[in-house]
Every structure is written in structure tokens, then in C-alpha cells.
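If you want the building blocks of each chain, they are given just below.
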Amino acid sequence: MRASCHEAVIHEDAEALFQAVHALKSSSAMIGALALSDFMKDLEPIGRRDKVSRSQVKMADLGALYGTVRQAMHDELRKGPA
């Protein structure tokens, strides 16, 4: 999903950006990654308003936040069942 966001920005495809951001927002909320979901919620209107060029700066922030969430999930999975 994160790659889909980057691809949409590269190709300046606002609809694809909106769809990818919306999906990542929803799935991150479902797994409890609320910081990522909130970040995506802030990014979502950019795709809706066809302002893809504004999202380029946010892609670096997305990469960092996504990496943090990914690492936290891996750490939880390593712990095994509670």
C-alpha cells in the first residue's frame, strides 16, 4: 500500500493516491496503528483535492512512520501468543 502511494505521487495520479491512502488509513486503524491512520487521514484530502504535488514532502514522513509501525508489529509477532 505504501508503494501504491509513492507510485501515485510519481505519476501525479490523484485518484490512485486517494484510493491507496484511504486503504492504508483503514487497514492501519484496524490493526491499532492509530498514528499511521491519523497521518493517512491528514493525507487523504490531498488526493481528493487533486493536489498531488503537495504530497511529495509527506512521502518521506510516511516512509519513516510506516517503518516504525512495521518494526513494532514485527516485535509483537516475535513475542508470540500471550
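The structure displayed is predicted, hence computed values, not measured ones.

Quick look at the side chain of S28 now. As for its position among the elements, S28 is in helix α2 (residues 14-30). In this structure the side chain of S28 is engaged in a polar contact, spanning 3.0 Å, whose partner is the backbone oxygen of K25. In this structure, S28 is in contact with A33, L36 and S37, ignoring residues within four places of it in sequence.

Turning next to the pattern of salt bridges. This model, assessed by the stated rule, comprises 3 salt bridges. Close ionic contact of K25 with E44 constitutes a salt bridge, the shortest N to O distance being 3.0 Å. Of this pair, K25 sits in helix α2 while E44 is found in helix α3 (residues 34-48), placing the two residues 19 residues apart along the sequence. Of the residues examined, E44 reaches a relative accessible area of 4% and is grouped as buried. Salt-bridge contacts for D75 lead to R78; the nearest nitrogen and oxygen are separated by 3.0 Å. Remark: R78 and D75 occur in helix α4 (residues 55-79); sequence separation between them is 3 residues, near one turn of the helix. With a relative accessible area of 32%, D75 lands in the partly exposed category. A residue is classified by how much of its surface remains accessible, and R78, at 62% relative accessible area, is exposed.

What counts and what doesn't
- Residue indices begin from 1 for each chain and proceed along its sequence in written order.
- Where totals are concerned, whole chains, interfaces and linings use all residues; where local detail is concerned, this predicted model gives features only for residues with pLDDT of at least 70, and gives and counts side-chain atom pairs only at 80 or more.
- Here the side-chain values reflect all heavy atoms present in the structure, with hydrogen atoms and water set aside.
- A run of H or I in DSSP counts as a helix once it spans at least four residues, and a run of E counts as a strand once it spans at least two, with each numbered from the N terminus.
- Polar contacts, as used here, are pairs of N or O atoms within 3.5 Å; protein pairs need one atom able to donate a hydrogen and one able to accept it. Residues neighboring in sequence count only if both atoms are side-chain atoms.
- We call two residues contacting when some pair of their heavy atoms lies within 4.5 Å.
- Salt bridge, as applied in this entry: a Lys or Arg side-chain nitrogen positioned within 4 Å of an Asp or Glu carboxyl oxygen.
- Burial classes follow relative accessibility: with a 1.4 Å probe on protein chains only, a residue under 20% of its type's maximum area counts as buried, one over 50% as exposed, and anything between as partly exposed.

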